[in-house]
Amino acid sequence: ILTRGDNESRPCVLCEARANRRRVILMNNAAARLGVRPGMPLNAAHILGDISVFEPAPMLEKKALRQLCHWALQFSPVISEVDNDGLLVEIKGSLKLFNGIDRLIAEVKKSLKELGYKFAIAVAPTPLGATALARSGQGRICLNQDSLMADVSAIPLGVLRLPEKQQNLLHSIGVRTIGDCARLPRGGVGRRTSPQLVQVFDRLLGRLPDPRERFEPSKVFQSHVELPWETKKVQTLMVAGERLLQELTGYLRGVSGLANTLRWTLHHTDNTLTRFQLDLVKASRDPSYFAMLFREKVARLNIQENIKEIGLYVNQFAEEQTLS
């Protein structure tokens, strides 16, 4: 979220303060090559090289997740948010359209890379099963409910994000994985922790329904990318601009719409704005066509101040025409 506005391979870390000490909680590949690791004190990371430091941004995370929901509509109309860092996509009805699960997953991965995100993907017959497998980072595809327990058994219990009190109690009796917990007597687990924990496992394994709130798309498209470092270079701006256009294309595919007009906003470091509008000769959702128009327009702008953020807004759509 914080660095996808550029494709430079500068070493970057995400830090948080713990007990008055700043520690690394995430790093990009360039920082990892220097030897930076999660949990490392920030001072120690700085010794390894010139590192750009970022702080967690919960509001940006929430906005980015909702925009990814709009993007994911191209794969399925049934989308749900999971906490602040995940999406559930119901794909059973989409498999025929994408010629099978392998091609569908390949397309999702390709599109996420174009958006500049890192990700973990998993497939399971239940929402919580897919979430647990994705959080484990194993990238597993489980299509059979009967084999789901075997697939999640060795995964650390932490992926379920249980209340801290329940988690500590289970750890105190030697429970470390989902399989460890599942092997405990159901009645005993309910009495020692709470009946809700038993229900969590029943939803995980499909014994109980697990309805989720369905994402309702906006009638307009609005998104932005914050640049990790201010710039007025056209090539750098194109990276962020093209990623916004990939988001727009996913949204348009999902709602079966075409864009007539693209409204752009460039936010400068002196808090001034540059706004311009691209009126399309013909309604479209072709990202390469959009990118060409954006590149030509930005190249002609007389940009005096560095830019820190790019925004895109589209509220004029044409319906896709289908010939039968």
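Because the structure is predicted, anything quoted here is derived from the model rather than measured. (Residues numbered from 1 in each chain as written. Predicted model: local features only at pLDDT ≥ 70, side-chain atom pairs only at ≥ 80, totals over all residues. Heavy atoms only, no water.)

Colleague: Just to check I follow, could you spell out the side chain of Thr236 for this structure?
Modeller: Residue position: Thr236 is located in helix α11 (residues 234–255). For Thr236, a relative accessible area of 11% gives the class buried. (Helix = DSSP H or I, 4+ residues; strand = E, 2+ residues; numbered from the N terminus. Buried < 20%, exposed > 50% of the residue type's maximum accessible area, 1.4 Å probe, protein only.)

Colleague: Just to check I follow, could you spell out the packing of aromatic side chains for this structure?
Modeller: For any pair of aromatic rings, geometry is given as the distance between the ring centres together with the angle between the planes. Inspection of the entire model under this criterion finds nine aromatic pairs. Measuring from ring centre to ring centre gives 5.6 Å for Phe75 and Phe98, while their planes differ by 40°; the resulting arrangement is tilted. In this pair, Phe75 sits in the loop between α3 (58–72) and β4 (79–82) while Phe98 sits in the loop between β5 (86–89) and α4 (101–115), placing the two residues 23 residues apart along the sequence. Take Phe75 and Phe98: they sit in the same class, and that class is buried. (Phe/Tyr/Trp six-rings, centres within 6.5 Å; stacked < 30°, edge-to-face > 60°.)

Colleague: Even after reading the chapter, I still don't get the environment of Ile25, so can you show me in this structure?
Modeller: For Ile25, the position within the fold is in strand β2 (residues 21–27). The class of Ile25 is partly exposed, set by a relative accessible area of 24%. Residues Ile25 and Met40, spaced 15 residues apart in sequence, show a C-alpha to C-alpha distance of 8.0 Å.

Colleague: How do you make sense of the side chain of Thr265 when you look at a structure like this?
Modeller: You can see Thr265 is positioned in strand β7 (residues 257–268). Take Thr265: its relative accessible area is 16%, and that puts it in the buried class. In this structure Thr265 touches Leu273, Thr274, Arg275, Glu309, Ile310 and Gly311, once residues within four positions along its chain are discounted. (Contact = heavy atoms within 4.5 Å.)

Colleague: Can you walk me through the layout of surface pockets in this structure?
Modeller: Summary: where empty space remains is shown by rolling a probe the size of a single water molecule over the atoms. Estimated volume of the second largest pocket: approximately 460 Å³. Among the elements of the structure, α3, β6 (221–231), β7 and β9 (307–314) are those that each provide at least two residues to the lining of the second largest pocket. For the lining of the second largest pocket, the residue count by class is nine nonpolar, nine polar and seven charged. (1 Å grid on protein atoms, 1.4 Å probe; cavity = no way out; pocket = protein on both sides within 12 Å on 5 of 7 lines; lining within 4 Å. Points joined across faces, edges and corners; volume = space filled by probe spheres on them. Nonpolar A, V, L, I, M, F, W, Y, C, P; charged D, E, K, R; others polar.)

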